[in-house]
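Results of the structural survey
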Amino acid sequence: MNFTRALTATAFRHWTGSNFASTFAAQSVYASAKCVTDFINQSSQGVAGFGSEHKECGIRSFHASSQVWARSDEPLGLKTPKRVKYARRDGRNQPIVRPNVSANKSNPDKTVEIFEGMTLVELAKRTGKSVSSLQDILTNVGEKVESEFELLSMDVAELAAMEAGINVKRLHSAEGAEILPRPAVVTVMGHVDHGKTSLLDALRQTSVAAREAGGITQHLGAFVVVMPSGASITFLDTPGHAAFSAMRARGAAVTDIVVLVVAADDGVMPQTLEAMSHAKAANVPIVVAINKCDKPGANPEKVKLQLASEGLLLEEMGGDVQVVEVSATEKIGLDNLEEALLLQADMMDLKARIDGPAQAYVVEARLDKGRGPLVTTIVKAGTLVCGQHVVVGSQWGRIRAIKDTAGKLTQRATPAMPVEIEGLRGLPMAGDDVIVVHSEERARMLSSGRQKKYEENRLRNKMIQDKPTTSDDSMEVPLRVEMPVIVKADVQGTVQAVTDALKTLNSAQVLVNVVHVGVGPLSQSDVDLAQACGACIVGFNVKSPPTALTQAATRASIKIILHRVIYHLLEDIGNLIIEKAPGTSETQVAGQAEVLNIFEIKGSKSKGPDVKIAGCRVIDGSVTRSATMRLLRSGEVVFEGNCSSLKREKQDVDTVKKGSECGLVISNWYDFQVGDVIQCLEQVVRKPKFIKSESGAVRIEC
């Protein structure tokens, strides 16, 4: 009866029919009586396991060999032989071994795409987590999901994914929304001092370049210019200095068109090539503006050939890149530049979703003493409305006010419109996305989840950076000192740029450790922190601290470095690093003397042993008695030892200079020959060098 129940169990339904009959008959022919007895005794246990989720059967197919039943740790049941694929290799059939993909651990840096209205099942498939684990996560954070097929909002999906340790990327759909044309977002890029800001000043009839410290742009600015034709274009002005590479990358990421400004009298420079690479990486079309064409040394044709040699296909050479010759100071060719930009924007047919929650991009962030954190953003889609709850990076808040580029209050911001918003609880990072949420509770939960994720990533990256590399113990490890630095700047993007630039000054002897960064003026807490860790304070584009704060820093021996121009700041920090560096000890030849004659003094019981004196003439440098002497014979080193005596005209001296004759004795050496060369060796400490290239990039060379 047990045998019959086992055959009629639900786990064997897919085996019914001729297939099961033939298979079972073929196996039962060779069955032994012992196997049948064991099977009947264990059938009740096997049937009890049929209701489980395992794909294997509850009983085991029996064979003639009794050794099969000795493996009592395996589940009982019918088991089909594995079908192994073979491939011909080296003339023989060998099985193909496939890796077990399911056994691999999930990547902590994995990023999944989420969208509005996805179900819990879809989220589980994308994240690789089980539905039950995601339900537990949502229950713990206070979200109720009754069914695994219930539609989730994008905020809830992101919250569950972040709690599961998965990075997310939001996908926004424009289905059913109103799609209307929008202005183009144009980023002006190029090398430092090639006239980018002056060109924008000529377009908008202002004078921003005159107000910039050192005549170079230090910030990432956004503003709207209404062209004479009536069309409006949103411009982003990026710095050209090498330290602001991250700012240029952010500008290329949010833009539609890149205007590459090249000076006609200077040609293609390192930051020009870098701007081209940023534009190509962001897949953004380029319009070339050759500036300063009014100068006597201008050569636009040379610039075109240089750009073509760098892989930029110009229209004149059969490509699709427009080239316009302009002069910002003389206002020449500005109408041609406007026409080229509008033509490129018309070809791209730029449109965006108008209604619905806004998607925005943080261009810059700064801290105002009276208004708190201020964030300059460009709306990419939707409409940003005053009073909405937003999450920006790991910060959140409720929008109190929205101001346009002219400083006027407005209630809403539409696509391609740069605005300044206030009301956040903290200062976000430049480059973060602005996300509109429905409630304060949802904003708070998303912000805390992102802060937790950000801190985990920061600690993991720090552990990777601080992980010691395996090296040979016999190799000498150079002495390296740490220079702690506190960085304060006026805006968030500049803080990042200055921090990245300072880290490039790391060398084998000095490690620049940025212990704290902040936005705003210097405060007493900065001085206290610097005193605690022995750091110097770097202030960039910030106001001079009060006298009381300066005196407190002086009493605590804290160095405060304030600058408004980036290359002056880097030069001062580089000189400070050179002073702090321990340097490397090297042996160098301070002087050389040639042996002209040999004198021997017989020793006695009272005078001591025999002494051989080398009569020499100093032919280079100077010879010092306290230094180490090296004896060269026929260009080869014969002996090296200390100088026990140095005399000139029977007088003991410490140093003999070039051209003078002397007599010297080397300890434990008596085999002088005429023509030998004696070198005077001295130990010197060589400091690193501060190297600055033409592009403005700096480095420390040890």
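We now turn to the structure provided with this report. What you see is a predicted model, and the numbers here were worked out from it, not measured in a lab. (Residues numbered from 1 in each chain as written. Predicted model: local features only at pLDDT ≥ 70, side-chain atom pairs only at ≥ 80, totals over all residues. Heavy atoms only, no water.)

**Notes on the sheet that holds strand S26 (residues 536-540)**
The parallel open sheet is built from four strands, whose spatial order is S25-S24-S26-S27. Both edges of this open sheet fall to strand S25 (510-519) and strand S27 (560-563), since each of them pairs with a single strand only. Going across the sheet, the axis of each strand differs from the next one's by a mean of 20 degrees, ignoring polarity. The sheet contact formed by S26 and S27 spans four bridges and is parallel. Pairing of Phe 540 across the sheet is with His 563, part of S27. The strands that helix H13 (residues 492-503) touches are strand S24 (481-489), S25 and S26; relative to S25, the one it contacts most, it runs at about 175 degrees. Together, S24, S25, S26 and S27 form the strand contacts of helix H16 (residues 566-580), whose direction differs from that of S27 by roughly 155 degrees. (Pairing = 2+ DSSP bridges. Helix = DSSP H or I, 4+ residues; strand = E, 2+ residues; numbered from the N terminus. Axes fitted to C-alpha atoms, helices over the stretch in contact; angles between N-to-C directions. Contact = heavy atoms within 4.5 Å.)

**Observations regarding unusual backbone geometry**
Its identity as a non-glycine residue notwithstanding, Asp 349 has a phi of 50 degrees, on the positive side. Among the secondary structure elements, Asp 349 is positioned in the loop between helix H11 (334-348) and strand S14 (351-353).

**Things to note about the nonpolar core**
In terms of nonpolar packing, the biggest core is built from 45 residues, with Leu 384, Leu 502 and Ile 573 touching the most fellow members. Among the elements that take part in this core, H16 stands out by supplying seven residues, more than any other. Built from parts of two domains, this core gets at least three residues from each of domain 3 (356-456) and domain 4 (481-580). Setting aside residues no more than four positions away along its own chain, Leu 384 makes contact with Ala 358, Val 379, Val 390, Ile 399, Ile 402, Gln 411, Arg 412, Ala 413, Ile 421 and Val 436. Counting residues in hydrophobic clusters, the runner-up holds 26 residues, among them Ala 184, Ala 289, Val 324 and Leu 334. (Core = buried A, V, L, I, M, F, W, Y, C linked by side-chain atoms within 4.5 Å. Buried < 20%, exposed > 50% of the residue type's maximum accessible area, 1.4 Å probe, protein only. Domains from an automatic or database assignment.)

**Notes on the environment of Gly 311**
On the secondary structure map, Gly 311 appears in the loop between helix H10 (300-309) and strand S13 (322-325). For the pair formed by Gly 311 and Met 276, sequence separation is 35 residues and the distance between their alpha carbons is 9.6 Å.

**Some points on the pairing of strand S31 (residues 636-648)**
Looking at chain direction, strand S30 (residues 628-633) and S31 are connected through six bridges and run antiparallel. Within the sheet, the bridge partner assigned to Arg 633 lies in S31 and is Glu 636. Here S30 folds back onto S31, and the loop between the two strands holds two residues, one of which, Ser 634, carries a positive phi near 60 degrees. The sheet contact formed by S31 and strand S34 (residues 661-666) spans four bridges and is antiparallel.

**Considerations on the pairing of strand S29 (residues 611-624)**
Each regular strand displays side chains that alternate between the two surfaces of the sheet. Bridge analysis of strand S28 (residues 584-601) against S29 gives ten bridges, and the strand direction is antiparallel. Each bridged residue has a counterpart across the sheet, and for Val 595 the counterpart in S29 is Cys 616. Bridge analysis of S29 against S34 gives four bridges, and the strand direction is antiparallel. Residue pairing for S34: Cys 616 is matched across the bridge by Cys 662. With three bridges joining them, S29 and strand S33 (residues 655-657) adopt antiparallel strand pairing. Paired with Thr 624 across the strands is Thr 655, a residue of S33.

**Some words on the pattern of salt bridges**
In the structure shown here, the tally under the stated rule is 18 salt bridges. Taking the shortest distance from any N to any O, the salt bridge between Asp 526 and Lys 488 comes out at 2.7 Å. Placement of the pair is Asp 526 in helix H14 (residues 524-533) and Lys 488 in strand S24, with a sequence separation of 38 residues. Residue Lys 488 is classed as buried on the basis of its relative accessible area of 6%. With a closest N to O distance of 2.9 Å, Asp 654 and Arg 625 form a salt bridge. Here Asp 654 is found in the loop between strand S32 (651-652) and S33, whereas its partner Arg 625 is found in the loop between S29 and S30, with 29 residues between them in sequence. Overlapping salt bridges bring together Arg 366, Arg 371, Arg 400, Glu 420 and Glu 422 as one network. (Salt bridge = Lys/Arg side-chain N within 4 Å of Asp/Glu carboxyl O.)

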